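# Descriptive analysis of the structure
What follows is the residue order along each chain.
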Amino acid sequence: MRGYSVFSILRNGLTGQRHWRRAWRAPVPKSTYDVVIVGGGGHGLATAFYLAENHGVRNVAVLEKGYIGGGNVGRNTTIIRSNYRLDGNTQFYEFSMKLWEGLSRALNFNVMFSQRGFLLTANSAGEFDAFGYRANVMRLNGIDAELLDSEEVRRMAPYLDFSEKALFPIHGAILQGRAGTARHDAVAWGYARAADAHGVDIIQGCEVTGFVHDGERIVGVETTKGRIGAGKVGLAVAGHTSVLGHKAGLELPIESHILQAFVTEPIKPLVHHVLAYGADHFYVSQSDKGGLVFGGGLDGYNSYAQRGNLGVVREVAEAAIAMMPSISRLRILRHWGGVMDMTPDASPIIGPTPVDGLYLNAGWCYGGFKATPASGWCFAHTLAKGEAHPLAAAYRLDRFRAGRTIDEAGAGPFAWLQ
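Bear in mind the structure is a predicted one, so any value in this text is a computation, not a measurement. (Residues numbered from 1 in each chain as written. Predicted model: local features only at pLDDT ≥ 70, side-chain atom pairs only at ≥ 80, totals over all residues. Heavy atoms only, no water.)

The next thing to look at is the overall build of the protein. If you tally the helices and strands in the protein, you get eleven helices and 18 strands. For the protein, whose C-alpha radius of gyration is 22 Å, the value lies close to the compact-globule estimate of 22 Å for 418 residues. The principal-axis extent of the C-alpha atoms belonging to the protein is close to 70 × 60 × 40 Å. Counting all 418 residues of the protein, 55% fall into the buried class. Nonlocal contacts in the protein, meaning residues at least 24 apart in sequence, comprise 74% of its contacts between residues at least 6 apart. Accessible surface computed for the protein: about 18200 Å², of which carbon and sulfur atoms make up 52%. Taken as two groups, the 41 positive and 37 negative side-chain charges of the protein have centres that lie 9 Å from each other. (Helix = DSSP H or I, 4+ residues; strand = E, 2+ residues; numbered from the N terminus. Rg over C-alpha atoms; globule rule 2.2 N^0.38 Å. Buried < 20%, exposed > 50% of the residue type's maximum accessible area, 1.4 Å probe, protein only. Contact = heavy atoms within 4.5 Å. Areas by Shrake-Rupley, 256 points an atom, 1.4 Å probe, with all protein chains shown as cover. Lys, Arg positive; Asp, Glu negative; His and termini not counted. Charge placed at Lys NZ, Arg CZ, Asp CG, Glu CD.)

This brings us to the pattern of salt bridges. For the structure on display, the rule yields 15 salt bridges. Between E101 and R178 there is a salt bridge; the shortest N-O distance is 3.0 Å. With a gap of 77 residues between them, E101 in helix α3 (residues 89–101) and R178 in the loop between β6 (172–176) and β7 (180–181) connect regions that are remote in the sequence. With a shortest N-O distance of 2.9 Å, D144 and R178 are connected by a salt bridge. Here the residue D144 occupies a position in the loop between α5 (125–140) and β5 (146–149), and R178 occupies one in the loop between β6 and β7, the gap between them amounting to 34 residues. In this structure D144 comes out as partly exposed when scored by relative accessible area, which is 23%. What you see here is one network of salt bridges that share partners, running through E94, E101, D144 and R178. (Salt bridge = Lys/Arg side-chain N within 4 Å of Asp/Glu carboxyl O.)

A separate point is the pairing of strand β9 (residues 208–214). One ladder, built from six bridges, connects β9 with strand β10 (residues 217–223); its direction is antiparallel. Paired with F211 across the strands is V221, a residue of β10. Between the end of β9 and the start of β10, which pair antiparallel, lie two residues, with G215 showing a positive phi angle near 70°. (Pairing = 2+ DSSP bridges.)

So, about a nonpolar patch on the surface. There is a patch of nonpolar side chains on the surface, built from Y4, I9 and W20 and spanning about 300 Å² of accessible area. Take W20: it is sitting in the loop between α1 (6–15) and β1 (32–38). With relative accessibility at 37%, the residue W20 sits in the partly exposed group. (Patch = residues over 30% accessible without salt bridge, like charges linked within 9 Å, V, L, I, M, F, W, Y side chains within 5 Å.)

A few words on the sheet that holds strand β15 (residues 292–302). Across the sheet, which stays open at both edges, the eight strands sit in the order β5-β6-β4-β13-β14-β15-β12-β16 with mixed pairing between neighbours. Edge positions in the open sheet fall to β5 and β16 (332–342), since each of these has one partner strand only. The average angle at which neighbouring strand axes cross in this sheet is 25°, direction not considered. (Axes fitted to C-alpha atoms, helices over the stretch in contact; angles between N-to-C directions.)

Attention now goes to the packing of helix α2 (residues 42–55) against helix α10 (residues 372–385). With their axes 7 Å apart at the nearest point, α2 and α10 run at an angle of 55° to one another. In terms of orientation, α2 and α10 fall into the oblique class. As for the relative orientation of α2 and α10, their crossing is right-handed in sense. Residue-level inspection shows G42, H43, A46, T47, Y50, L51, N54 and H55 of α2 in contact with α10, the latter providing T372, P373, S375, G376, W377, F379, A380, H381, L383, A384 and K385. Grouping the amino acids of the contact of α2 with α10 by side-chain chemistry returns nine nonpolar, nine polar and one charged. (Parallel < 35°, antiparallel > 145°, perpendicular 65-115°, else oblique. Left-handed = near helix turned anticlockwise from the far one by under 90°. Nonpolar A, V, L, I, M, F, W, Y, C, P; charged D, E, K, R; others polar.)

Another aspect to go through is the nonpolar core. Within the largest apolar cluster, 67 residues are counted, with the highest numbers of intra-cluster contacts made by F92, W100 and Y191. Looking at this core, the element that brings in the most residues is helix α7 (residues 184–197), giving seven residues. When sequence neighbours within four positions are dropped, the list of residues in contact with W100 reads I80, V111, F113, A182, V187, F369, K370, T372 and P373. (Core = buried A, V, L, I, M, F, W, Y, C linked by side-chain atoms within 4.5 Å.)

Our focus in this paragraph is the confidence of the model for the protein. Per-residue confidence for the protein gives a mean pLDDT of 92; residues scoring 70 or more make up 96%. Under a pLDDT of 50 for its full length, residues 413–418 has, in the predicted model, 19 contacts with residues more than four places off or in other chains. (pLDDT = per-residue confidence, 0-100.)

Between its terminal C-alpha atoms α2 stretches 19 Å, which fits the 20 Å expected from 14 residues at 1.5 Å a residue. Extensive coverage of α2 is indicated by the burial of eleven of its 14 residues. All of the buried residues along α2 are G42, H43, G44, L45, A46, T47, A48, F49, Y50, L51 and A52. Where α2 ends, the next residue or the one after it, G56, has phi of about 70°, a positive value. (Expected span 1.5 Å × (residues − 1).)

A few words on the packing of α2 against α7. Where α2 meets α7, the closest approach of the two axes is 9 Å, and the angle between their N-to-C directions is 30°. By crossing handedness, the relation of α2 to α7 is classed as left-handed. Facing α2, whose interface residues are L45, A46, A48, F49 and Y50, α7 presents A188, Y191, A192, A194 and A195. Grouping the constituent residues of the contact of α2 with α7 by class yields ten nonpolar, no polar and no charged.

What follows deals with the packing of aromatic side chains. Here a ring pair, both rings aromatic, is described through the centre-centre distance and the interplanar angle of the planes. If you walk through the whole model with that rule in mind, you get 15 aromatic pairs. With a centroid separation of 5.4 Å and 80° between ring planes, the pair formed by F95 and W377 is classed as edge-to-face. Of this pair, F95 sits in helix α3 while W377 sits in helix α10; the two residues are 282 residues apart in sequence, bridging distant segments of the chain. Exposure remark for W377: the relative accessible area of 26% places this residue in the partly exposed category. (Phe/Tyr/Trp six-rings, centres within 6.5 Å; stacked < 30°, edge-to-face > 60°.)

The structure is reproduced here in structure tokens:
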């Protein structure tokens, strides 16, 4: 991989665009690979990169039915944080945060990670008290956390509704200063380029239609580009996990729902942090282009469509205006939907499955983008060694049967979910 630098930009700018190399190859699939990863989103590409980088496993194929950056990795609100409370989540997401902090250098690709801080408002006295508990849990795990009172929040975000008529008065907030955002498509491109440089084959327009069995073991996949053999197969297909799981004979505790996101017209710099509303499910940040990027809760019905319904649009708009009245003056330029693979406890699944030769990375619900580096790191460990990484040991599939759920929502990140 030829490194990107200011000198390469100057050299290629002066000599012409024809001298730029392709970021990654467009290979013809081999007949067999040591590992086949189904799904070319952020998690699949990160897994391929860390398989090669950390474990020396380079005979790897990433199969993507669409194009790189066309799935959830390019259809999200780009928020990165590690302000979790429950054991298992806390350590995992903080490890992911640490990987984010060095990711541009590791990939030699600017993922535009902006540590602008994540501010979650407390809109009741009880919620503010609960945030004190959460902040202490974070600090005990080495994670930065600061509890702010109402006046401190006002100084940081004066555009919020602090009036006497506020629907839900702001009692304070919890701030994680190292949190922030990253450019979603840059993350996909950076991992794809770095994995390709290690010899990983990234095969776009290649849909998996079935699995090849040798007795009880999966030894390959059937695709629209023919049969491909595999020593191991890893699924990282987000909202389509249940579809491919069914083809492999798995019955999974996963439902697919739509999560919508919105972008406004560009305005002057206003929102300098990532903000989340403690009274309802609403979160907002401002992009480098000036648009406000925000989202809310899930559409309540099962769907594989990348669009949502107007009921959620209304709910998100109501929460936005209640938190930040000035947003009512802005026009929405566009909105979209990503297909979320929701588990019963809203926590992910990483590890082997009951089907020999098949491994699963799924169930990321709302947390998929922020988890991308740690997810790839841990899933690569599992595929290379056949055992769970210690950081992902709590995310085993059999936890639902054993009753060891990790219900972060039920632990109280938002008052309305308690």
